[in-house]
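Structure at a glance
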Amino acid sequence: MGEDSKQDGREGGALETLSERRCHGGVQGIYQHRSRATGTTMRLSVFVPPQAARAPVPVLYFLSGLTCSEENFTVKAGAQRYASERGLIIVAPDTSPRGPGVPDDEGWDLGQAASFYLDATRAPWATHFQMESYVVRELPALIERAFPARPGVRGVTGHSMGGHGALTLALRNPGVFTSVSAFAPIAAPTKCPWGHKAFSAYLGDDQARWAEHDASALLRARGPLKGRILVDQGDADGFLEEQLKPELLDAACAEVGQALTLRMQDGYDHSYYFVNTFMGDHVAHHADALL
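This write-up is about the structure you can find in this document. Since the model is a prediction, treat every value here as computed from it, not as a measurement. (Residues numbered from 1 in each chain as written. Predicted model: local features only at pLDDT ≥ 70, side-chain atom pairs only at ≥ 80, totals over all residues. Heavy atoms only, no water.)

So, about the packing of aromatic side chains. Counted by the stated rule, this structure contains 15 aromatic pairs. Between Phe 62 and Phe 73 the ring centres are 4.1 Å apart and the planes differ by 20°, which places this aromatic pair in the stacked class. Of this pair, Phe 62 sits in strand β4 (residues 57–63) while Phe 73 sits in helix α1 (residues 70–76), and the two are 11 residues apart along the sequence. Taking the relative accessible area as the measure of exposure, Phe 73 reaches 4% and is therefore buried. Judged by centre distance (5.4 Å) and plane angle (85°), the ring pair of Trp 125 and Tyr 202 falls under edge-to-face. Of this pair, Trp 125 sits in the loop between β5 (89–93) and α3 (131–146) while Tyr 202 is found in helix α5 (residues 193–203), placing the two residues 77 residues apart along the sequence. Here Trp 125 falls in the buried class, since its relative accessible area comes to 7%. Among the aromatic residues, those joined into a cluster by ring pairs are Phe 62, Phe 73, Phe 183, Tyr 268, Phe 274 and Phe 278. (Phe/Tyr/Trp six-rings, centres within 6.5 Å; stacked < 30°, edge-to-face > 60°. Helix = DSSP H or I, 4+ residues; strand = E, 2+ residues; numbered from the N terminus. Buried < 20%, exposed > 50% of the residue type's maximum accessible area, 1.4 Å probe, protein only.)

Written as structure tokens, this is what we have:
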């Protein structure tokens, strides 16, 4: 994982090291690079486990939620311990493009830190908000050049908006990710206020296009993924009924024969205390599929 390996700029700018620290026998780093997909400088967190010193290892991507950056997951989720035990690289990109000239909104649920992990088609968002292209194509190519990652052996998980991203990107891009899980995902964004606001801004008024970024609708349209999806949801989550709607994902999976483990966790809310509590189970879910 030497410095030379991080300076290949064929997909956007060279990967610049901002910090690297020893962690659970591996290395926790924060990096940035100039992205071709977004046209901005993107930050990301990468944990490399000790096993990667001997041979390339699989990669688990974590997509964070509304208002977050790569930092929330890195310092709050406690994933490094489990990734070190099982031998997985964990990559957590930022939630959206940022910086001068990048459009934003006064609300916390649209614009910077609220990309919904799609490629926007409407102005002013379309110029920079190309997060599906970034997460699915540019970022894996970058990681698999710059770090000891096994090419093409990837899982994806996420929290809230990032759980939505994990589910929809896996469903929209078969073969890119081998394993999928989510914490409190926005499971049917075409049927909740967060989704209506974001999709109207990024995609326009055509609700058929919205359905292409809704995990419950995608399952019905495209059929099941290979392997089991793991979803954890707190039953004390304040967003559960209005915004998250896991019961619609459960119904869609049942209709198309998608293997799903949906665990309603007693007393847990939407915070990273919830994510931290069940992170070990999610890392194990992906390690069992990827190793």
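Back to the write-up after that little detour.
Counting buried residues along β5, five of its five residues qualify, which places the element largely inside the surrounding structure. Alternating residues of β5 divide into Ile 89, Val 91 and Pro 93 and Ile 90 and Ala 92, and every residue in both groups is buried. Bridging between strand β3 (residues 41–48) and β5 involves four bridges; their strand directions are antiparallel. From the neighbouring strand, Val 46 faces β5, where its bridge partner is Val 91. In terms of strand pairing, β4 meets β5 through three bridges, oriented parallel. Looking across to β5, one finds that Val 59 is bridged to Ile 89. (Pairing = 2+ DSSP bridges.)

With that settled, consider the sheet that holds strand β8 (residues 229–234). A sheet is described by the order of its strands in space; here nine strands give the open sequence β1-β2-β3-β5-β4-β6-β7-β8-β9, paired in mixed fashion. Edge positions in the open sheet fall to β1 (16–23) and β9 (260–265), since each of these has one partner strand only. Between one strand and the next, the sheet's axes are offset by a mean angle of 20°, whatever the strand orientation. As defined by bridge partners, β8 adjoins β9 across six bridges and the pair is classed as parallel. Bridging across to β9, Gln 233 finds its partner in Met 264. Sheet contacts for helix α9 (residues 246–256): β8 and β9; angle to β9, the most-contacted strand, approximately 155°. (Axes fitted to C-alpha atoms, helices over the stretch in contact; angles between N-to-C directions. Contact = heavy atoms within 4.5 Å.)

So, about the side chain of Ser 35. Mapping Ser 35 onto the fold places it in the loop between β2 (26–34) and β3. Accessibility expressed as a relative area gives 3% for Ser 35, which makes it buried. From its side chain, Ser 35 meets the backbone nitrogen of Ala 37 in a polar contact 3.1 Å long. Apart from the residues within four sequence positions on either side, Ser 35 is in contact with Thr 40, Met 42, Tyr 134 and Glu 138. (Polar contact = N/O pair within 3.5 Å; in protein donor to acceptor, adjacent residues only side chain to side chain.)

Counted according to the given criterion, the structure contains zero disulfides. Not part of a disulfide, Cys 68 finds its nearest cysteine sulfur in Cys 192, a span of 17 Å. Under the relative-accessibility criterion, Cys 68 is labelled buried at 7%. Judged by relative accessible area, Cys 192 falls into the buried class, the value being 1%. (Disulfide = S-S within 2.5 Å.)

Bringing the packing of helix α7 (residues 215–222) against α9 into the picture now. Two elements in contact, α7 and α9, have axes separated by 8 Å at closest approach and are oriented at 10°. Looking at the two axes, α7 sits roughly parallel to α9. Where α7 abuts α9, its residues Ala 215, Ser 216, Leu 219 and Arg 220 lie against Leu 248, Leu 249, Ala 251, Ala 252, Cys 253, Glu 255 and Val 256. Classifying every residue of the contact of α7 with α9 by side-chain character gives eight nonpolar, one polar and two charged. (Parallel < 35°, antiparallel > 145°, perpendicular 65-115°, else oblique. Nonpolar A, V, L, I, M, F, W, Y, C, P; charged D, E, K, R; others polar.)

For β2, the buried fraction is high: eight of the nine residues fall into the buried class. As judged from the seven bridges shared by β1 and β2, these two strands associate in the antiparallel manner. Along β2, the bridge assignment pairs Glu 20 with Gly 29. The hairpin turn running from β1 into β2, its antiparallel successor, is two residues long, and His 24 in that turn takes a positive phi close to 50°.

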